[in-house]
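Residue-level structure breakdown
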Amino acid sequence: MGRKRTKQEKHIDKRIKEELTRYYEYKEKIPKLKARKKQCELDYKYELNNPPYGGSVVKMPQGNNEKDPVAMKWEKILAGIDSELEHCERQVHKINNWLSVLTQEQYNVITVYVCKYQCHNRSHAALDLKCGEDNVKDRMNDGIERIRKNFDNII
């Protein structure tokens, strides 16, 4: 049996596990956000070219006015999507870096049990990995510890 982990190490391990369980969520969100951004850009261009208001005899200047409510609305929507997209891409990149320090066994257990099964159904993960449930738990803990030791700025 190894040494006991400190309270801080347990806290960091919990944060690592939480991020790893969100890995596929982040990965699945990226293409959806890109598609949503593309659609919003098309809707934005359409609304700029076909404004919902009218009736004026005065010709509007070409280009978009930064103070135009339509432009402001769409810029805010697009900025929100960009922010969320950047966050997801950063998280996927960070988790990929974490996974790169693991042994093959640890990598397999982390991606199946933690990322795929979200730390539920250890027996199913053990069947997928063709190993025992205790082995799954041990490899997961070893992998999380390895990530914690290799990366200083986890939190």
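Figured I'd write up the structure that's included with this text. What you see is a predicted model; the values in this text were computed from it and never measured. (Residues numbered from 1 in each chain as written. Predicted model: local features only at pLDDT ≥ 70, side-chain atom pairs only at ≥ 80, totals over all residues. Heavy atoms only, no water.)

Going through the model one piece at a time under the given rule, you end up with two aromatic pairs. Measuring from centroid to centroid gives 5.4 Å for Tyr23 and Tyr24, while their planes differ by 55 degrees, and the two rings are tilted. Note on Tyr24: relative accessible area 32%, which makes it partly exposed. Ring geometry for Tyr44 versus Trp74: centroids 6.4 Å apart, planes at 20 degrees, classification stacked. You can see Tyr44 sitting in helix H2 (residues 23-49) and its partner Trp74 sitting in helix H3 (residues 69-100), a full 30 residues away along the chain. Residue class for Trp74 comes out buried when judged on its relative accessible area of 9%. (Phe/Tyr/Trp six-rings, centres within 6.5 Å; stacked < 30°, edge-to-face > 60°. Buried < 20%, exposed > 50% of the residue type's maximum accessible area, 1.4 Å probe, protein only. Helix = DSSP H or I, 4+ residues; strand = E, 2+ residues; numbered from the N terminus.)

Note that Asp13 resides in helix H1 (residues 7-21). Note on Asp13: relative accessible area 7%, which makes it buried. With residues up to four places along the chain from it excluded, the contact list for Asp13 reads Arg5, Ile144 and Arg148. (Contact = heavy atoms within 4.5 Å.)

Before going further, it helps to examine the packing of H2 against H3. In a pair of packed helices, the angle between the axes and the distance between the axes together describe the arrangement. Contact geometry for H2 and H3: axes closest at 9 Å, N-to-C directions at 160 degrees. Viewed along their axes, H2 and H3 adopt a mutual orientation that is roughly antiparallel. Crossing handedness for the pair H2 and H3: left-handed. Looking at the contact of H2 with H3, its residues break down into 18 nonpolar, three polar and 13 charged. (Axes fitted to C-alpha atoms, helices over the stretch in contact; angles between N-to-C directions. Parallel < 35°, antiparallel > 145°, perpendicular 65-115°, else oblique. Left-handed = near helix turned anticlockwise from the far one by under 90°. Nonpolar A, V, L, I, M, F, W, Y, C, P; charged D, E, K, R; others polar.)

Here the focus is the environment of His93. Within the secondary structure layout, His93 lies in helix H3. Judged by relative accessible area, which is 52%, His93 ranks as exposed. Separated by 66 residues in sequence, His93 and Lys27 have C-alpha atoms that sit 9.9 Å apart.

All we've got here are geometric facts, nothing functional implied.
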